[in-house]
Amino acid sequence: MSNISLDYDALTQTPVAEKPFPHVVVPHFISNDDLKAVVADLPEMKSGGSFPPEALKLTPRVAAMIEELQGPRLKALIAEKFGLDLADAPTMLTMRGRTREKDGRIHRDSDAKLVTILLYLNPRGEDWVSRDGCLRLLNGPDDVEDYDVEVTPAEGTLLVFPNGPTTWHGHRQFVGTRYAIQLNYMATGQKARYELRRHRLSALIKRLPFVG
């Protein structure tokens, strides 16, 4: 069991926002005190891109937190909140430590991903004053300035949304440290199985040579 307290009550009590698409934002899903401990324990990720946790050297604290995030309690709460059947949905989790010039371009997630969950593990600081690395939930696929919601990627904020044909999101170009955990509940079709296989292969490759 993680000794990091996750605020499940806040997630339960936060209503689903409908614009620009159904989503939930929960500030301080990890408290500020716990966030400091997690940030101090995060593995170094010198390059951009996503890292499966199996490819990183994790402290017991971070490993336990990741295990809990992939557990049944969070999945059940999200399923109930959005009226989804996620009982048989596999999980796929990755970590990011740095954002590159090419990251943040407008996109929507793969159809193989039923739900996207983002947990931001950065302190609130001057990096986000410019709003360049703040995730925007967009009204369409063409303009990163045409957004309805902007999420500062800091202070243990949790963002959850079921994927769909209009779930466009992105951020202004930002280069630098930007820690995030992305958790997806996956479909069970062929495309999802392919993504999960690729995820496992990525973990093996990134462990040789060891990263972090």
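Overview of the structure. (Residues numbered from 1 in each chain as written. Predicted model: local features only at pLDDT ≥ 70, side-chain atom pairs only at ≥ 80, totals over all residues. Heavy atoms only, no water.)

Right, let's talk about the overall build of the chain for a bit. In terms of regular secondary structure, the chain is built from 5 helices and 8 strands. Going residue by residue from the N terminus, the α and β elements of the chain occur as α-β-α-α-α-β-β-β-β-β-β-β-α. By the burial criterion, 50% of the 212 residues in the chain qualify as buried. Long-range contacts, defined as pairs at least 24 residues apart, comprise 82% of the intrachain contacts of the chain with a sequence gap of at least 6. (Helix = DSSP H or I, 4+ residues; strand = E, 2+ residues; numbered from the N terminus. Buried < 20%, exposed > 50% of the residue type's maximum accessible area, 1.4 Å probe, protein only. Contact = heavy atoms within 4.5 Å.)

All right, on to helix α2 (residues 32-41) then. Within the span of α2, buried status applies to Asp34, Leu35, Val38 and Asp41. Axial view of α2: buried residues confined to an arc of 125 degrees, hence all on one face. Looking at α2, the residues exposed on the side facing more than 90 degrees away from the buried face are Asp33, Lys36 and Ala40. (Arc of directions from axis to C-beta.)

The topology assignment puts Ala180 in strand β8 (residues 176-186). With relative accessibility at 8%, the residue Ala180 sits in the buried group. On a C-alpha basis, the gap between Ala180 and Asn122 in space is 7.8 Å, while along the polypeptide they are 58 residues apart. When sequence neighbours within four positions are dropped, the list of residues in contact with Ala180 reads Thr94, Met95, Arg96, Leu119 and Tyr120.

With that settled, the discussion passes to the pattern of salt bridges. According to the stated counting rule, one finds 8 salt bridges in the structure shown. The salt bridge involving Arg61 is made with Asp41; its shortest N-O contact spans 2.7 Å. Linking Arg61 in helix α3 (residues 60-69) with Asp41 in helix α2, this pair joins segments that are 20 residues apart in sequence. A relative accessible area of 27% means that Arg61 is categorised as partly exposed. The residue Arg136 makes a salt bridge to Glu145 at a minimum N-O spacing of 2.9 Å. Accessibility expressed as a relative area gives 40% for Glu145, which makes it partly exposed. (Salt bridge = Lys/Arg side-chain N within 4 Å of Asp/Glu carboxyl O.)

Mapped onto the elements, Asn122 comes out in the loop between β3 (113-120) and β4 (135-138). Distance from Asn122 to Thr157, taken between C-alpha atoms, is 9.1 Å for residues 35 residues apart in sequence.

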